[in-house]
Amino acid sequence: MAEFYMPDFSLIPPEVLLALSALFILMEGSFVKKMSFRRSVHYGLVALGLALFYLIFQNEAGQSWVTFEGQIKQDDFIFFAKVLILLGSIGTLAMSVPSMMKENLTSFEYTPLVLLATLGMLLMVEANDFIILFVGMEMQGLSLYVLAALHRDHPRVSEAALKYFILGAFATGLFLYGISLMYGFTGATNFDIVASVIRAESVNDLSLSLFVGLIFIMAALAFKVSAVPFHMWTPDVYQGCPTPITAFIGGVPKVAAMVVFLRLMVSPFLVLYGEWQSLVVFISAASMIVGAFAALGQTDLKRLLAYSAIGQMGYVLMGIASGNDEGIQSVFVYLTIYLVMFIGTFACLLSLKGKTPEGVQEMEDLRGISLLHPRLSFVLAVFMFSMAGIPPLAGFFAKLYVFKAAISAGLFYLAIIGGLTSVVASYYYLKIVKVMYFDALPAVPSASHGQLLVLSSEIMVVLNVCAAIILIFFLFPNGVLELAQRAALALPI
Amino acid sequence: MLTSLPLLSITIFLPLLGAFAILLNWGNKQTSLAMNARWVALWTSLVTLGLAITLWWNFDASSSEFQLQDKFQWMPLLNMGYHVGLDGISLPLFLLSAFLIPLCVLVSWTSIQNKVPEYMVAFLVLETFLLGMFSALDFILFYLFFESVLIPMFLIIGIWGGSNRIYAAFKFFLYTLLGSILSLLAIIYIYFEVGSSSIPAALVTPFDPQIQTWLWLAFFASFAVKIPMWPLHTWLPDAHVEAPTAGSVILAGVLLKMGGYGFIRFSLSMFPEASSYFTPMVFTLSIIAIIYTSLVALAQKDMKKLIAYASVAHMGFVTLGIFTADAQGIQGAIMQMVSHGLVSAALFICVGVVYDRLHSREIADYGGIVHIMPRYAIFFMFFILASIGLPGTSGFVGEFLILLGAFQVNTWATLLAATGMVLGVAYALWLYRRVVFGQLSNPKLKELTDLDWREKIVFGPLAASVLIFGLYPMPVLILAEASVAKVIDQFNLALEVDGNLLVDSKKSLEVALLRKGQ
């Protein structure tokens, strides 16, 4: 007779809380007629904040737990990832308020979708089992598809959402196929068991289907992080979606997917390092090159940021390609800093009107705004210099650690490619600074040129916090470094 | 005494404090805001200069060690620290930077009218980066300062520059970034070899000659763009021409010296084998720079462009001097860097003075201004002569020492470099003749006024220091002597050891002792 086994619930209150809050907001929205959009967002923020609070106080450094029959895990690595996801979600949710209202996207379903997507991402990173990983991935994926299509009577938005959905579903299919091959070979879906089965055999004896499965899984994850050659959807989706939605789709989910990528590569598949390294090196180099060159001619800001994101993910992949402790640390530092820069940049875009009153679209919409809004343009310039990796801003440290990891692993050519593409990429970041600072206001500005959207206190907080982190990171690099080091130590590398 | 205070760090970061003070004023009335910003910037930079002179006072020139060091754990996990200190090679350039910034503020007093607070903030931030760059004793810190300089300089050229400023700003930024990113990779490699990013530790670490070649090339990419060497110099004329006067002053005065400093501190000291291997190449490029850019300067119609090309030629002398790896050559190179910092800064201010009045840099628009601006003509002539290297001016000391050093290594290079000096006389005097002498042909020139009190205050200290260092260069030479001797000893010893295939134990013990600094 099987012994009754009670799983340890102490790990999952944040997830439970997010699920319940999402349901609660849905209920209240359906049954209480006068639920304002802003209030639903505030509920969501409180839920995310409480989840973060619990997570931080419950975590003990250096500890590692497994629960639910080894399907869910928590250690310093996962802790760091979860904190990033929750913080990122809080930032993006908070800053989306004014422009969502501006675009008449005030349906109360928005917040529950964000919460469910966040819940999915938490599941993704804490999964210790391919099935849970898949469930989490789908949960965030489906929520994001709906979010992308929220503006449903707008043809361009529908197109973007459809593209996102079809390609996302395709990636899911690949992933599922990869998992099943993995299961066929190892007879298990649990990461630890998969790892031990692979480790038990010498690499030459491993079956070909295992490698095929590995490649399928990598391809699916490359889709999610929009690495070349699986990046095609990114520019269209970024451009098509309403800006606050883009800010959500492009930020936190990429971080979650990247963490999963890293975790799979260095935890169950570390033995296959020799096999997957060349693939990661390739997609890393290709992403950096495409991200740098394809963005040069872009005039649409969101398209430009999409290519920039592709390039930035290439740098993170460089950290994964190193496959050592330094690589893991650099990935975490890079993701943290990237998330802050990304959210900050979008917070700037979300506070301005362009040619149309809805918001900035074209680079021209930023022309000469340093004369109108010195602080806002200063902050945006800081983010641009940081994205270009110019010291003393935080983006430099992100690149420094990644290059350091690559050189420690002997990937000199990859580091050189990264260096050269960062010079190319700095051209378009500088172009945004140039438009704001070097160019005069247009002779005949459109009526809404350079005007602020209704500035809410939420967006100001997000903007100032992000800018402060980027500006003074060089004074206190140790906090993030220590967390990243602990995260790296948590993996059996 | 003052040894308990981290005096060097205070000096480095004081300008940043001034920049903050200016930023705090944001939001008052426009005119008073601009005036406040100017005064804050001036006082901050003057106090910084005072502190820098105090540092000089506390500096012991007889020692080749790094002095006035400040150190604390910055990223202890990675063994990267905040570590600053000065030796005889960095102190002259450190002082030069601190000396030029107050002049830059004064030069821009009336000529900059829009976004004044931002302008002053950019210069003060730039000063912190420059001072930090010259005194950094940690590679990551050095690189941090080295590349941070790009941000304020990019903005200074792009916002307050001339008509083609955007092109120039981008070219400047991308060129220098491309060079320095390669040196970052080299720095990371060295970090793994040494086990920390400390520069003093790296200076005593012997590197495998095979790898030295690659590291040397990576650093060369960075410094050769910065200094700049032919054929990587093309960003310089554009940047100089389009930058506002103070921007050109700081570009020519200090930014170019970052390259020369890097060559002495890193290329020569850390990679002696590679340096000696590449010396013929550096000599060739230097000679081409001296002769070719002098010829190009002769053909210029724009005053600033002419001086910019002259700068490339003068920097050719510096690289020639550095890679002689000879006491006189390197001392001469340092002297030449200080002298060029003063003289080219003064020449750019000379152009700025007439540009502020006539808003033209075309040589053809001028002529005969000696009749209306006699005092200006005197100062201009003095600096032109100093640029030529007339005995009695600082320019002479530097070039003479470089030629002296080069003569012992390579007579042909010396001969060709001396030819370049003759060409230098030609373009400089011809420029002077066309601008200052002759008839007052352009009617607009009649309305020009002679120097006002502010411009005299700017020219006074520049002229005085050019003259003093010309007649009595010992302050600079004594400062640099011990440190340069150490660099050369290390260099020669490393080559000697390689020369003897059978390294006897006594010799390697000697090497080890010397590398530890006895």
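Positions within a chain are numbered from 1, following the residues in the order the chain's sequence is written. Think of it this way: whatever chain is written first is A, whatever ligand is written first is 1, and the rest follow in order. Where totals are concerned, whole chains, interfaces and linings use all residues; where local detail is concerned, this predicted model gives features only for residues with pLDDT of at least 70, and gives and counts side-chain atom pairs only at 80 or more. Hydrogens and waters are ignored; side-chain quantities use all the structure's heavy atoms.

## Quick notes on the overall build of chain A
Line of reasoning, step 1. By definition, any uninterrupted DSSP run of H or I lasting at least four residues is a helix, any uninterrupted run of E lasting at least two residues is a strand, and each is numbered from the N terminus. Across its full length, chain A holds 20 helices and two strands.
Line of reasoning, step 2. In terms of its C-alpha atoms, chain A occupies a principal-axis envelope of roughly 75 × 60 × 45 Å.
Line of reasoning, step 3. Only protein chains enter the area calculation, which uses a 1.4 Å probe; residues under 20% of their type maximum are buried, those over 50% are exposed, and those in between are partly exposed. Within chain A, the fraction of its 493 residues that count as buried is 64%.
Line of reasoning, step 4. Sequence separation of at least 24 residues holds for 82% of the intrachain contacts in chain A that already meet a minimum separation of 6.
Line of reasoning, step 5. Surface accessibility follows the Shrake-Rupley procedure with a 1.4 Å probe radius. Residue values consider only the protein chains on display as shielding. When the accessible surface of chain A is totalled, it reaches about 17,000 Å², and 68% of it is carbon and sulfur.
Line of reasoning, step 6. Charged residues are defined narrowly, with Lys and Arg counted positive, Asp and Glu counted negative, and His plus the chain ends left uncounted. Here the site of a charge means NZ on Lys, CZ on Arg, CG on Asp, or CD on Glu. Taking the average place of the 25 positive charges on the side chains of chain A and the average place of its 30 negative ones, the gap between the two points comes to 12 Å. Residues are treated as being in contact if the distance between any of their heavy atoms lies within 4.5 Å.

## What to know about the interface of chain A and chain B
Line of reasoning, step 1. In this complex, chain A contributes 42 residues to the contact, which on the side of chain B involves 35 residues.
Line of reasoning, step 2. Here the buried area means the combined drop in accessible surface, using a 1.4 Å probe, for two parts upon being joined, counting both sides. For the pairing of chain A and chain B, the buried interface totals around 3,500 Å² over both sides, and the portion due to carbon and sulfur atoms is 84%.
Line of reasoning, step 3. It is Lys404(A), Val423(A) and Phe438(A) in chain A that bury the most area against chain B; as a group they hold 19% of the surface buried on that side.
Line of reasoning, step 4. The working definition used for a salt bridge is a side-chain nitrogen of Lys or Arg within 4 Å of a carboxyl oxygen of Asp or Glu. Summed over the shared surface of chain A and chain B, the result is zero salt bridges.
Line of reasoning, step 5. Definition of a polar contact: a pair of N or O atoms within 3.5 Å, with one able to donate and the other able to accept a hydrogen when the atoms are protein atoms, and with sequence-neighbouring residues admitted only if both atoms are side-chain atoms. Between chain A and chain B we count five residue pairs in polar contact (both at pLDDT 80 or more) in total.
Line of reasoning, step 6. Elements supplying a minimum of two residues to the side of chain A that touches chain B: helix H15 (325–350), helix H16 (374–388), helix H17 (394–408), helix H18 (412–437) and helix H20 (478–490) of chain A.
Line of reasoning, step 7. For the side of chain A that touches chain B, the element with the highest residue contribution is H18(A), accounting for 14 residues.
Line of reasoning, step 8. By residue class, the composition of the side of chain A that touches chain B is 26 nonpolar, nine polar and seven charged. Classification convention: Asp, Glu, Lys, Arg as charged; Ala, Val, Leu, Ile, Met, Phe, Trp, Tyr, Cys, Pro as nonpolar; all other residues, Gly among them, as polar.

## A look at the environment of Glu69(A)
Line of reasoning, step 1. As for its position among the elements, Glu69(A) is in the loop between strand E1 (65–67) and strand E2 (72–74).
Line of reasoning, step 2. Here the alpha-carbon distance between Glu69(A) and Asp8(A), two residues 61 residues apart in the chain, equals 9.6 Å.

## Things to note about the side chain of Ser287(A)
Residues and elements named next belong to chain A.
Line of reasoning, step 1. Within the secondary structure, Ser 287 is located in helix H13 (residues 273–294).
Line of reasoning, step 2. A relative accessible area of 0% places Ser 287 in the buried class.
Line of reasoning, step 3. From its side chain, Ser 287 meets the backbone nitrogen of Val 228 in a polar contact 3.0 Å long.
Line of reasoning, step 4. The contact partners of Ser 287, leaving out residues within four places of it in the chain, are Ala 227, Val 228, Ile 310, Gly 311, Gly 314 and Leu 317.

## Here we look at empty space enclosed by the protein
Line of reasoning, step 1. With a 1 Å grid laid over protein atoms only, a set of points is called a cavity when a 1.4 Å probe fits there but cannot get out and a pocket when it is open yet has protein on both sides within 12 Å along at least five of seven lines; lining residues have an atom within 4 Å of a point. Grid points are joined across faces, edges and corners, and a volume is the space filled by probe spheres set on the points. Applying the stated criterion to the full structure yields 13 cavities of 30 Å³ or more.
Line of reasoning, step 2. By volume, the largest cavity is sized at about 160 Å³.
Line of reasoning, step 3. Elements with a minimum of two residues in the lining of the largest cavity: helix H6 (130–148), helix H7 (155–186), helix H9 (208–224) and helix H12 (252–266) of chain A.
Line of reasoning, step 4. A class-by-class count of the residues in the lining of the largest cavity yields 10 nonpolar, three polar and two charged.
Line of reasoning, step 5. Of the voids in this model, the second largest cavity is the one considered here, and its volume is about 100 Å³.
Line of reasoning, step 6. Taken together, 14 residues make up the lining of the second largest cavity; nearest its centre are His314(B), His340(B), Val343(B), Ala386(B) and Ser387(B).
Line of reasoning, step 7. Only helix H13 (303–322), helix H14 (327–358), helix H15 (374–388) and helix H16 (394–409) of chain B provide two or more residues apiece to the lining of the second largest cavity.
Line of reasoning, step 8. For the lining of the second largest cavity, the element with the most residues is H14(B), which contributes six residues.

## Observations concerning the pattern of salt bridges
All names here are of chain A.
Line of reasoning, step 1. Taken as a whole and assessed by the stated rule, the structure comprises 18 salt bridges over all chains.
Line of reasoning, step 2. With a closest N to O distance of 3.9 Å, Asp 75 and Lys 73 form a salt bridge. Across the pair, Lys 73 and Asp 75 agree in class, each one buried.
Line of reasoning, step 3. Of the charged contacts in the structure, one is a salt bridge between Lys 82 and Glu 126, with a shortest N-O distance of 2.7 Å. Linking Lys 82 in helix H3 (residues 76–95) with Glu 126 in helix H5 (residues 110–126), this pair joins segments that are 44 residues apart in sequence.
Line of reasoning, step 4. Look at the salt bridges and you will find they share partners, linking Glu 159, Lys 163, Asp 236 and Arg 303 into a network.

## Structural notes on the confidence of the model for chain B
Residue and element names in this part refer to chain B.
Line of reasoning, step 1. Per-residue confidence for chain B gives a mean pLDDT of 87, with 95% of residues at or over 70.
Line of reasoning, step 2. pLDDT is a residue-level measure of predictor confidence that goes from 0 to 100. Mean pLDDT in chain B bottoms out at helix H20 (residues 505–515), which sits at 52, and peaks at helix H6 (residues 150–160), which reaches 93.
Line of reasoning, step 3. Of the regions scoring below 50 in pLDDT, residues 501–507 engages in four contacts with residues more than four places distant in sequence or in other chains.

## Here we look at the layout of surface pockets
Line of reasoning, step 1. Quantified by volume, the largest pocket comes out at close to 1,700 Å³.
Line of reasoning, step 2. Every residue lining the largest pocket is counted, 50 residues in all, and those nearest its centre are Phe378(A), Val382(A), Leu471(A), Phe20(B) and Leu23(B).
Line of reasoning, step 3. When residues in the lining of the largest pocket are grouped by element, the largest group, eight residues, is from H16(A).
Line of reasoning, step 4. Tallied by class, residues from the lining of the largest pocket come to 43 nonpolar, five polar and two charged.
Line of reasoning, step 5. Approximately 580 Å³ is the volume attributed to the second largest pocket.
Line of reasoning, step 6. For the second largest pocket, the lining is made up of 23 residues, of which Leu87(A), Thr336(A), Val340(A), Val465(A) and Ile469(A) are closest to its centre.

## Notes on the pairing of strand E2 (residues 80–86) of chain B
Within a regular strand, the side chains alternate between the two sheet faces.
Line of reasoning, step 1. Counting buried positions along E2(B) gives seven out of seven residues, so the element sits mostly inside the fold.
Line of reasoning, step 2. Residues Met80(B), Tyr82(B), Val84(B) and Leu86(B) line one face of E2(B) and the alternating positions Gly81(B), His83(B) and Gly85(B) line the opposite face, and both faces are buried.

## Describing helix H8 (residues 191–200) of chain A
Residue and element names in this part refer to chain A.
Line of reasoning, step 1. Within H8, burial applies to Phe 191, Val 194, Ala 195 and Ile 198. The buried residues of H8 occupy one face: seen down the axis, they fall within an arc of 100°.
Line of reasoning, step 2. The inward-facing, buried residues of H8 abut H6, H7, H9 and H12.
Line of reasoning, step 3. By the N-cap criterion, in which a side-chain oxygen at the helix start approaches the backbone nitrogen of a residue two or three places on, H8 is capped by Asn 190, the distance to Asp 192 being 2.8 Å. It is the directions from the helix axis to the C-beta atoms that the arc portrays.

## Section: the packing of aromatic side chains
Line of reasoning, step 1. Ring geometry is summarised as follows: Phe, Tyr and Trp rings, the Trp one being its six-membered ring, pair when their centres sit within 6.5 Å, and such pairs are stacked at plane angles under 30 degrees, edge-to-face over 60 and tilted between the two. With the rule as written, the count across this model stands at 67 aromatic pairs over all chains.
Line of reasoning, step 2. Ring centres of Phe223(B) and Phe263(B) lie 5.8 Å apart, and the angle between their planes is 70°; on these two criteria the pair is classed as edge-to-face. Taken together, the residues Phe223(B) in helix H9 (residues 209–226) and Phe263(B) in helix H11 (residues 245–270) connect sequence positions 40 residues apart. As far as burial versus exposure is concerned, Phe223(B) and Phe263(B) are alike and both buried.
Line of reasoning, step 3. Measuring from ring centre to ring centre gives 5.4 Å for Phe380(B) and Tyr432(B), while their planes differ by 75°; the resulting arrangement is edge-to-face. Placement of the pair is Phe380(B) in helix H15 and Tyr432(B) in helix H17 (residues 411–436), with a sequence separation of 52 residues. Like Phe380(B), the residue Tyr432(B) is buried in the burial classification.
Line of reasoning, step 4. Lying across the ring of Tyr315(A), Lys399(A) places its NZ or CZ 4.7 Å from the centre. Working rule: Lys NZ or Arg CZ, within 6 Å of ring centre, within 35 degrees of ring normal, means a charge sits over the ring.

## Let's talk about the packing of H16(A) against helix H19 (residues 457–472) of chain A
Residues and elements named next belong to chain A.
Line of reasoning, step 1. The axes used here are C-alpha line fits, helices contributing only the stretch in contact, and every angle between their N-to-C directions lies in the interval 0 to 180 degrees. Close contact between H16 and H19 brings their axes to 10 Å; oriented N to C, the two are set at 45°. In this view, H16 runs oblique relative to H19, as classed from their interaxial angle. Of the two elements, H16 crosses H19, and the hand of that crossing is left-handed. On the side of H16, the interface is formed by Leu 376, Phe 378, Val 379, Val 382, Phe 383 and Ser 386, while H19 contributes Leu 463, Cys 466, Ala 467, Ile 470 and Leu 471. Roughly parallel here means an angle under 35 degrees, roughly antiparallel means over 145, roughly perpendicular means 65 to 115, and every remaining angle is called oblique. The handedness criterion is simple: a crossing whose near helix is rotated anticlockwise from the far helix by less than a right angle is left-handed, and one whose near helix is rotated clockwise is right-handed.

## A few points about the pairing of strand E1 (residues 67–75) of chain B
All names here are of chain B.
Line of reasoning, step 1. As defined by bridge partners, E1 adjoins E2 across six bridges and the pair is classed as antiparallel. Note on E2: the bridge partner recorded for Met 75 is Met 80.
Line of reasoning, step 2. In this scheme, strands are said to pair when DSSP sees at least two bridges between them. What sits between the antiparallel neighbours E1 and E2 is a turn of four residues, in which Asn 79 has the positive phi angle 60°.

## Regarding the packing of H6(B) against H11(B)
Relative orientation and spacing of two packed helices are given, respectively, by the angle between their axes and the distance between those axes.
Residue and element names in this part refer to chain B.
Line of reasoning, step 1. Closest axis-to-axis distance for the H6/H11 pair is 10 Å, and the angle between their directions is 145°. When you trace H6 past H11, the crossing you get is left-handed. Residues Met 153, Ile 156 and Ile 157 of H6 form the contact with H11, whose own contacting residues are Gly 247, Ile 250, Leu 251 and Leu 255.

## A few points about the environment of Ala47(A)
Residue and element names in this part refer to chain A.
Line of reasoning, step 1. On the secondary structure map, Ala 47 appears in helix H2 (residues 37–58).
Line of reasoning, step 2. Judged by relative accessible area, which is 5%, Ala 47 ranks as buried.
Line of reasoning, step 3. Between the alpha carbons of Ala 47 and Leu 115 there is a distance of 8.5 Å; along the sequence they are 68 residues apart.

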